[in-house]
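For reference, the chains in residue letters:
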Amino acid sequence: MSPRISHVLAFACSLSCLAAVPLVAAPTPTVTVDTAAAGAPISPQMFGVFFEDINFGGDGGISAELVKNGSFEFADPITGWRKVERPGAAGSFGFASAEAPFPRNPRYARLTVSAVGEGFGLRNDGYRGMGVTQGARYAFSAMARVVAGEAQTLHVELLGAKDVVLASAEVPVSARTWTRISADLLANATEPKATLRVQLSAPGTLDLEAVSLMPHDTWKGRRNGLRADLVQLLADLKPGFIRFPGGCIVEGRTLENRYQWKNTVGPVENRPVIYNRWNVEFADRGKGAYDYYQSFRLGFFEYFQVCADLGAAPVPIINCGMACQFNSGELVPLAELDPYVQDALDLIEFANGSVSSTWGRVRAEMGHPEPFGLKFLGIGNEQWGPQYFERYAVFAKAIRARYPEIQLITSAGPFPEDPKFQLAWSEIPKLPVDIVDEHSYAPPEWFLNNSQRYDRQDRKGPKIFVGEYAAHVPTRRNNWTSALAEAAFITGLERNADVVVMSAYAPLLAHMDAWQWNPNLIWFDNLRSAGTANYAVQRLFSLHRGDIALPIKVEGAPVAENGQPRLYASAAWDKSARELILKLVNATAGPQEVSLALAGTSGPIRGGRAIVLAAALDAENTLDQPAGVAPVEEALEPVGAGARRTVPAHSVTVLRLPVAR
Ligand code: AHR
């Protein structure tokens, strides 16, 4: 990863870079749109999201499970747990794995109590605490058996600050064989950092495994569900696709640590837990997460299911026989690639196969007999070099032969313009590639200067997926400086919709108390969540995407010293609303009058509206003030085809104009 950082820093400009760029004075710019042109279809996948399990995005984040290390499978099995030994109590707490109920997660906790006193048991701290809401119900469950001594009645409690009891339940355990136990807890107060305490009632020995506490209120009320507020923020983006599960998580630091989708389906308790690579990566940055593991409660079934819920195309990424090239770079020899290729073929069967196929049956047994309609597959994440393309060719050949309808996505490496990128683009024409995934993490200036990047793209080559991008200010905050630069860049994606078919900001989610990477699109804590200024831009573009990209020309735009324009525009036609959608991004420090020339239509245009995002360059959305950067909508007076509009300083404006076409 570190080469990435130095690369980014080399580009760095100050927060004031937008304001400070001297602009050459220009007359009123004219924006000309050919509203009658046939135009190019805009892909329904133009704006999507890239989900990766980073910054507690999965466990501790969108996965609603509140117990950390409920399986006791973390490298240090005590992680997340504390022994409870209150006055007068005596006992011990250890681990065993004989006769395990879940063979792929065999370790469980063994509690032996000789004196109960005021309470003996264990306590789970959750993911930097557990977010609990007054009046909400929480489902406690575990596997348990009495090994020695009397039957037990477990005293299960949710505790707040100073151990105030927020909820409690009595849970009997008498079986000498593994039995599922459960109880409902009703919280009497709201607490962002609750803990779960389980105490025994009698001397003896008890085994405990797969301890879980799930809110009833999950997305769509599902039992192994997702955090409803976080999924709602995704739903509000109306994403055209979800790319998952990463990111470097796909690659692993070593091949052993790679993401293996087959280990993430089936009963949740039996999905083998592995350490999350972000547990060790960037340990010196952000808020370290020595306790970051992947329980795979959020597995491939859950990913596909949320895609179906949101009407987003699933875009899974599979390991291509390479571990992360920023880490070990471990390679699977070409002659040993078959199991990896088979995983890819089986994944397509899992998503799309009939219920009588091997993997289609697994999907059906998990509750989704209908196919998930997989159309895209990414081979490798952010790979580069000749070894990648050798491996890509093997995957592509096998997948094309069996599933020619699947569109294959290839990587162009980690940077948008370097020798790795050049090599990728020299290899790509020789290979069966449908879509190329380009990544750009760079300072705002790069995005401002690259709005015309895809104007130059070869129209005969594969399509483009701007799969990971974010403008990084030196502080790496999610402020308006970065969001505005991204908006300028996105107008270039829209203008080139004939070749750019997908895009996603990266990364998506970050827990305020456990992040390794910033900036991120959405920040959250145990109870709250907020879309950033960058989120506001993504949402604005996604909600006002349109169906057809219309030719647009900006003349007389203010330009920066480097000659690059600082007024950006794109135009689209919304077929069902029968509206022209015009987007204007003003990256200058002053209001800008713009003359609109709408060729092919005649005024007056009635019923138009403007939706505007404008803010100070350092403005941010926070958990305390989630709507600092938010769109403001205004109804427009009837305008003629040659109207003028003044766009505010540092702003993004969407004009929706009902026009005849
Ligand atoms: O989004 C953070 C990381 O950036 C991703 O895991 C990787 O693909 C890229 O290097």
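Definitions and limits used
Residues numbered from 1 in each chain as written. Predicted model: local features only at pLDDT ≥ 70, side-chain atom pairs only at ≥ 80, totals over all residues. Heavy atoms only, no water. Pairing = 2+ DSSP bridges. Helix = DSSP H or I, 4+ residues; strand = E, 2+ residues; numbered from the N terminus. Axes fitted to C-alpha atoms, helices over the stretch in contact; angles between N-to-C directions. Disulfide = S-S within 2.5 Å. Buried < 20%, exposed > 50% of the residue type's maximum accessible area, 1.4 Å probe, protein only. Domains from an automatic or database assignment. Buried area = accessible area lost by both parts, 1.4 Å probe. Salt bridge = Lys/Arg side-chain N within 4 Å of Asp/Glu carboxyl O. Polar contact = N/O pair within 3.5 Å; in protein donor to acceptor, adjacent residues only side chain to side chain. Nonpolar A, V, L, I, M, F, W, Y, C, P; charged D, E, K, R; others polar. Near = heavy atom within 4 Å. Areas by Shrake-Rupley, 256 points an atom, 1.4 Å probe, with all protein chains shown as cover.

## Quick word on the sheet that holds strand β9 (residues 137–149)
The five strands lie next to each other as β5-β6-β14-β9-β12, forming an open sheet whose pairing is antiparallel. In the strand order of this sheet, the two ends are held by β5 (90–96) and β12 (179–186), each with one partner. The average angle at which neighbouring strand axes cross in this sheet is 30°, direction not considered. Sheet topology places β9 next to strand β14 (residues 204–215); ten bridges connect them, and they run antiparallel. Following the sheet pairing, alanine 139 is matched in β14 by methionine 214.

## Quick notes on the state of the cysteines
What is meant by a disulfide is a covalent connection between two cysteines, made through their sulfur atoms. Considering all chains together, one arrives at zero disulfides under this definition. As a non-bridged cysteine, cysteine 248 has cysteine 324 as the owner of its nearest cysteine sulfur, 4.3 Å distant. Residue cysteine 248 is classed as buried on the basis of its relative accessible area, which comes to 6%. Residue cysteine 324 is classed as buried on the basis of its relative accessible area, which comes to 1%.

## What about the domain arrangement of the protein chain?
By the assigned domains, the protein chain splits into domain 1 (5–39 + 547–658), domain 2 (49–64 + 220–543) and domain 3 (81–215). Here domain 1 and domain 2 have C-alpha centroids that lie 29 Å from each other. Between domain 1 and domain 2, the buried area comes to about 3,500 Å², and carbon and sulfur atoms account for 68% of it. At the surface where domain 1 touches domain 2, the tally comes to four salt bridges. Arginine 566 is the salt-bridge partner of glutamate 445, the closest N and O atoms lying 3.2 Å from each other. At the boundary of domain 1 and domain 2, one finds 14 residue pairs in polar contact (both at pLDDT 80 or more). A class-by-class count of the residues in the side of domain 1 that touches domain 2 yields 28 nonpolar, ten polar and six charged.

## Focus on the site of the ligand
Close to the ligand lie twelve residues; Glu52, Cys248, Glu382, Tyr441 and Glu468 are nearest. Within the side chain of asparagine 381, a nitrogen or oxygen atom sits 2.9 Å from an oxygen atom of the ligand. Side-chain polar atom of glutamate 468 to an oxygen atom of the ligand: 2.8 Å apart, as the coordinates give it. Isolated, the ligand exposes 280 Å² of accessible area, and the fraction of that covered by the protein chains is 100%. Its residues assigned to classes, the shell around the ligand comprises six nonpolar, two polar and four charged.

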